[in-house]
Amino acid sequence: MIAFSQIERMLDYIVGVAINYGGFPRPNGPYPRLLGAKIKFVKSAFAGCDLLVPFAAGGEHLLARVLEAADDRNWLVHAAEIDAPGRGLHLEMLKFAELRYERVQRKLTSKDLLAIPERAQRLNSELGDFVSEIIDAASRSNR
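All values derive from a computational prediction rather than experimental measurement.

Helix-helix packing is described using two parameters, namely the angle between the two axes and the distance between the axes. As a packed pair, helix H1 (residues 2-20) and helix H3 (residues 56-78) sit with axes 10 Å apart at the nearest point and diverge in direction by 145°. Crossing of H1 over H3 shows left-handed handedness. When H1 is examined against H3, the residues Phe4, Ile7 and Leu11 are found in contact with a partner set consisting of Leu63, Val66, Ala69, Asp72, Arg73 and Leu76.

What characterises a pair of aromatic rings is the spacing of the ring centres plus the angle enclosed by the ring planes. If you walk through the whole model with that rule in mind, you get three aromatic pairs. Judged by centre distance (6.2 Å) and plane angle (75°), the ring pair of phenylalanine 46 and phenylalanine 130 falls under edge-to-face. Taken together, the residues span a long stretch of sequence, with phenylalanine 46 in helix H2 (residues 35-48) and phenylalanine 130 in helix H4 (residues 110-141) at a distance of 84 residues. Residue classification places phenylalanine 130 among the buried residues on the basis of a relative accessible area of 10%.

Within this model, the largest pocket holds a volume of roughly 240 Å³. Lining the largest pocket are 14 residues, with Glu8, Leu35, Ala70, Arg73 and Asn74 positioned closest to its centre. Of all elements in the fold, only H1, H2 and H3 reach the threshold of two or more residues within the lining of the largest pocket. A per-element tally of the lining of the largest pocket places H3 first, with seven residues.

So, on to the pattern of salt bridges. Side chains bearing opposite charge may pair, as long as their charged atoms lie close to each other. Taken as a whole and assessed by the stated rule, the structure comprises four salt bridges. Glutamate 8 is the partner of lysine 38 in a salt bridge, and the nearest nitrogen-oxygen pair spans 3.1 Å. One end of the pair, lysine 38, is in helix H2; the other, glutamate 8, is in helix H1, with 30 residues separating them in the sequence. Residue class for glutamate 8 comes out partly exposed when judged on its relative accessible area of 25%. The residue arginine 65 makes a salt bridge to glutamate 126 at a minimum N-O spacing of 2.5 Å. With a gap of 61 residues between them, arginine 65 in helix H3 and glutamate 126 in helix H4 connect regions that are remote in the sequence. Three or more residues are tied together by salt bridges with common partners; here these are Glu8, Asp12 and Lys38.

Another aspect to go through is the confidence of the model for the chain. Put simply, the chain has an average pLDDT of 87, and 91% of its residues get 70 or more. Of all the helices and strands in the chain, strand E2 (residues 89-97) carries the lowest mean pLDDT, 71, while H2 carries the highest, 94.

Below, the discussion takes up H1. Across its 19 residues, H1 extends 26 Å between first and last C-alpha, which sits within 8% of the 27 Å expected from 1.5 Å per residue. Among all positions of H1, only Ala3, Phe4, Ile7, Met10, Leu11, Ile14, Val15, Gly16, Val17, Ala18 and Ile19 are buried. Here the buried face of H1 lies against H2, H3 and H4.

With that settled, the discussion passes to the nonpolar core. Ranked by internal contacts, the top residues of the largest apolar core, which has 34 residues, are Ile7, Ile14, Phe46 and Leu52. Every element with two or more residues in this core is listed here: H1, H2, H3 and H4. The element that contributes the greatest number of residues to this core is H1, accounting for 10 residues. Of all hydrophobic cores here, the second largest spans six residues; its members include Trp75, Ala79, Met93 and Val104.

Cut-offs applied
- Counting restarts for each chain: residues are numbered from 1 in the order of the written sequence.
- For a predicted model such as this one, the threshold for reporting local features is a pLDDT of at least 70, and the threshold for listing and counting side-chain atom pairs is 80 or more; totals across whole chains, interfaces and linings nevertheless cover every residue.
- Hydrogens and water molecules were not included; the side-chain quantities draw on all heavy atoms of the structure.
- Note on geometry: axes are lines fitted to C-alpha atoms, helical ones only across the stretch in contact, with angles between N-to-C directions running from 0 to 180 degrees.
- A helix here means a DSSP run of H or I that spans at least four residues, while a strand means a run of E at least two residues long, and both kinds are numbered starting from the N terminus.
- Each crossing is labelled by how the near helix is turned from the far one, with a counterclockwise turn of less than a right angle marking it left-handed and a clockwise turn marking it right-handed.
- Two residues form a contact once any of their heavy atoms are found within 4.5 Å.
- Two aromatic rings from Phe, Tyr or Trp, using only the six-membered ring of Trp, form a pair when their centres are within 6.5 Å; if the ring planes differ by under 30 degrees the pair is stacked, by over 60 it is edge-to-face, and anything between is tilted.
- Classification of residues uses two cut-offs on accessible area relative to the type maximum, computed with a 1.4 Å probe and protein chains only: under 20% is buried, over 50% is exposed, and between them is partly exposed.
- In the cavity and pocket records, a cavity denotes points on a 1 Å grid over the protein atoms alone where a 1.4 Å probe fits but cannot get out, a pocket denotes an open set with protein on both sides within 12 Å along at least 5 of 7 lines, and lining residues are residues with an atom within 4 Å of a point.
- Grid points are joined across faces, edges and corners, and a volume is the space filled by probe spheres set on the points.
- Within this document, salt bridges are pairs made up of a side-chain nitrogen of Lys or Arg and a carboxyl oxygen of Asp or Glu, the two lying within 4 Å of each other.
- Residue-level confidence of the predictor, termed pLDDT, takes values from 0 up to 100.
- What a helix is expected to span follows from its residue count: subtract one and scale by 1.5 Å.
- Take the buried residues of types Ala, Val, Leu, Ile, Met, Phe, Trp, Tyr and Cys, join any two whose side-chain atoms come within 4.5 Å, and each joined set is a nonpolar core.

Written as structure tokens, this is what we have:
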């Protein structure tokens with residue numbers, strides 16, 4: 001869970017750099033708080049903020065991986081184990097879709113389960129390096 005929160009924190013840094021150093025327009029209303037809103041804002045900043053345009057290609061790839069990590073996180077936090085003796089870990093989550101709830105299931109082996117935090121930590125590290133490059137670019141542009 002700590003790695004997931006740090007992943008989201010990296011997006012907060014990109015939002016801050018875009019607004020405070022890149023001259024990207026502030027959002028109407030509060031800063032984006034939900035993950036989807038942060039991703040949407042960062043994507044628009046990669047396309048329209050001169051400081052961030054050079055980082056767009058690598059950033060889009062990382063944002064896609066953030067969405068994958070968010071899905072893993074949602075399964076760990078919001079799903080419940082269902083009875084499936086001898087068939088590995090079966091999780092079930094209710095998702096709201098098309099004005100109704102839908103039961104969605106996912107089977108995880110112990111190997112799958114252990115891979116989730118490893119992927120999150122690896123992504124967090126890569127995002128940290130990426131954000132460091134953005135911050136370095138911002139500091140060079142403001143000298």
